[in-house]
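Commentary on secondary and tertiary structure
This is what each chain is made of:
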Amino acid sequence: MIIHRAFYREAALVTLGITAVLVVIVVFQGLSVFLGRAAMGEESKDVVMTLLGLQTLRKLDLLLPLALYFGILLTLSRWYRDSEMTVLAACGIGLTQLLRPVLLFALALAVVVGLGSFFFTPYASRQTDLVKHESARVPEVSRMTPGVFSESEGGKRIFYTARMDAAGDMEDVFISQLEAGKRAVVVARTGHPYIDAKTGDKFLALRDGMVYKGEPGEAKYQIMRYETYNVRLEPKRLEEPPGTVEGLGNRELLARGDGPAIAEWHWRLAKPIIVFVLALYALVLAHTDARRGRLSNLFAAILVYLIYSNLLGLGQTLLKKGQVPPAVGLWWLHAGMLLLVAYLLSQRAHNRPLLPSPARLWRR
């Protein structure tokens with residue numbers, strides 16, 4: 001049908017554009033966070049882009065339902081504003097006839113969201129934990145950012161260098177460290193990291209500098225000048241990366257069976273269902289006319305999305321605490337939202353107001 005093809009084409013373009021905008025927002029937000037962590041020495045600069053890509057992949061199954069929701073809403077709202085829906089109604093094509101293309105369009109996206117929810121998002125979560133675990137093996141000096149004070153794990157050392165090239169050679173180095181309960185400050189003109197060939201231990205070789213040991217004002221305060229001073233970089237105690245329920249495979253998640261695992265399983269099931277529920281609400285809330293503002297239906301759609309997403313978060317919390325039976329899961333919430341949208345769709349299809357006015361209720 002020509003009307004269906006026109007809807008698919010326009011809704012797909014609008015949804016694709018909204019998805020691109022949402023992805024750009026997520027990328028820039030994540031980039032600022034990871035660059036901030038790298039500047040503070042919490043993350044290695046080499047893994048920033050990898051972590052950013054994995055985080056974007058993890059959020060795609062949340063961005064796509066939202067993009068489809070507003071894609072359908074904006075497409076049909078334009079049809080209402082340009083009187084195309086009025087022409088279709090005069091030709092005998094109402095909201096019930098548009099259910100089929102809307103649900104088919106939602107089905108295509110729900111398949112993508114389902115694949116992301118059950119496979120790609122858990123994979124990205126596991127890879128994120130693995131990348132963070134592997135980056136912990138990187139020496140402390142490799143995570144230094146020129147011009148920024150970096151604190152080592154445990155807070156026993158503070159590193160600073162004014163300049164550092166790609167090979168790791170530094171200029172104007174400052175190190176503050178605790179030795180036997182006393183603070184020692186080491187400054188050097190230059191420095192570079194190296195690995196001892198015999199022991200494999202990592203050192204930072206400093207040249208042409210001063211060492212200050214003790215507390216200022218005490219009699220045992222020492223000042224020493226040196227030509228070469230080697231600082232041993234303590235190896236980190238590495239543990240296995242923590243396993244989170246978000247990174248568990250589907251079989252492992254079902255076999256675990258505790259509250260967090262049940263909540264995660266129902267959350268994965270909920271994501272493709274959300275696509276259909278939001279598509280129906282977009283069909284209902286797209287109605288607009290010249291007397292109403294263009295943003296009135298958009299505000300209502302945002303309110304519905306916020307209520308739905310907050311209720312989903314509440315349902316997950318109840319599942320984690322065991323206050324909702326696993327068999328019930330989040331189905332009670334989906335069923336309630338579907339019953340409400342079925343009522344609203346019936347009201348809209350019969351050209352009745354979605355909600356009764358207070359004056360009419362008062363007369364009753």
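What you are looking at is a predicted structure, and each value in this text was computed from that prediction instead of being measured.

1. Side note on the overall build of the protein chain
A count of helices and strands for the protein chain gives nine helices and six strands. Classification of the 364 residues of the protein chain by burial places 39% in the buried group. Restricting the contact set of the protein chain to residue pairs at least 6 apart, pairs at least 24 apart contribute 59%. Counting every atom, the protein chain has about 20400 Å² of accessible surface; 62% of that belongs to carbon and sulfur.

2. As for the packing of helix 2 (residues 48-81) against helix 6 (residues 259-285)
Contact geometry of helix 2 with helix 6 gives a least axis separation of 8 Å together with a crossing angle of 10°. Relative to helix 6, the element helix 2 is oriented roughly parallel. Contacts from D61, L62, P65, L68, Y69, I72, L73 and L76 in helix 2 reach W267, K271, I274, V275, L278, A279, Y281, A282, L283 and L285 in helix 6. The residue makeup of the contact of helix 2 with helix 6, split by class, is 16 nonpolar, no polar and two charged.

3. Considerations on the packing of aromatic side chains
Taken as a whole and judged by the stated rule, the model has eight aromatic pairs. Relative to F203, the ring of Y194 has its centre 5.6 Å away and its plane inclined at 20°; by these criteria the two rings are stacked. Members of the aromatic cluster, connected to one another through ring pairs, are F7, Y8, W79 and F105.

4. So, helix 6
In helix 6, a bend of some 35° at P272 exceeds every other bend along the element. Where helix 6 begins, one side-chain oxygen reaches toward the backbone nitrogen of A261, 3.2 Å away; that side chain belongs to D258.

5. Some points on the environment of L64
Relative to the helices and strands, L64 is located in helix 2. When the C-alpha positions of L64 and V23 are compared, they lie 9.7 Å apart, and in sequence the two are 41 residues distant.

6. Thoughts on the pattern of salt bridges
Under the criterion given, the structure shown has seven salt bridges. K271 is the partner of D61 in a salt bridge, and the nearest nitrogen-oxygen pair spans 2.8 Å. Of the two residues, D61 is situated in helix 2 and K271 in helix 6; the sequence distance between them amounts to 210 residues. Each member of the pair, D61 together with K271, is buried. A salt bridge links R163 to E171, with the nearest nitrogen and oxygen atoms 2.9 Å apart. We classify R163 as partly exposed; its relative accessible area is 44%.

7. Let's talk about the pairing of strand 4 (residues 182-195)
In terms of strand pairing, strand 4 meets strand 5 (residues 202-213) through 11 bridges, oriented antiparallel. Residue pairing across strands places V185 opposite Y212, the latter belonging to strand 5. Turn length for the strand 4-strand 5 hairpin, with the two strands adjacent in sequence and antiparallel, is six residues, and the turn residue G200 shows positive phi of about 80°.

8. So, the nonpolar core
Judged by nonpolar contacts, the single largest core of 58 residues is most densely connected at F7, L68, Y69, I72, Y281 and Y308. Contributing elements (two or more residues each) for this core: helix 1 (2-39), helix 2, helix 3 (84-90), helix 4 (95-135), helix 6, helix 7 (296-320) and helix 8 (331-349). Per-element tally for this core: the top contributor is helix 6, with 16 residues. In terms of nonpolar packing, the next biggest core, distinct from the first, is built from 12 residues, M170, V186, V211 and Y226 among them.

9. Here we look at the pairing of strand 5
In terms of strand pairing, strand 5 meets strand 6 (residues 222-232) through 10 bridges, oriented antiparallel. Opposite F203, over in strand 6, you have R232 as the bridge partner.

Rules used in this analysis
Residues numbered from 1 in each chain as written. Predicted model: local features only at pLDDT ≥ 70, side-chain atom pairs only at ≥ 80, totals over all residues. Heavy atoms only, no water. Helix = DSSP H or I, 4+ residues; strand = E, 2+ residues; numbered from the N terminus. Buried < 20%, exposed > 50% of the residue type's maximum accessible area, 1.4 Å probe, protein only. Contact = heavy atoms within 4.5 Å. Areas by Shrake-Rupley, 256 points an atom, 1.4 Å probe, with all protein chains shown as cover. Axes fitted to C-alpha atoms, helices over the stretch in contact; angles between N-to-C directions. Parallel < 35°, antiparallel > 145°, perpendicular 65-115°, else oblique. Nonpolar A, V, L, I, M, F, W, Y, C, P; charged D, E, K, R; others polar. Phe/Tyr/Trp six-rings, centres within 6.5 Å; stacked < 30°, edge-to-face > 60°. Bend = angle between axes of the 7 residues up to and from the residue. Polar contact = N/O pair within 3.5 Å; in protein donor to acceptor, adjacent residues only side chain to side chain. Salt bridge = Lys/Arg side-chain N within 4 Å of Asp/Glu carboxyl O. Pairing = 2+ DSSP bridges. Core = buried A, V, L, I, M, F, W, Y, C linked by side-chain atoms within 4.5 Å.

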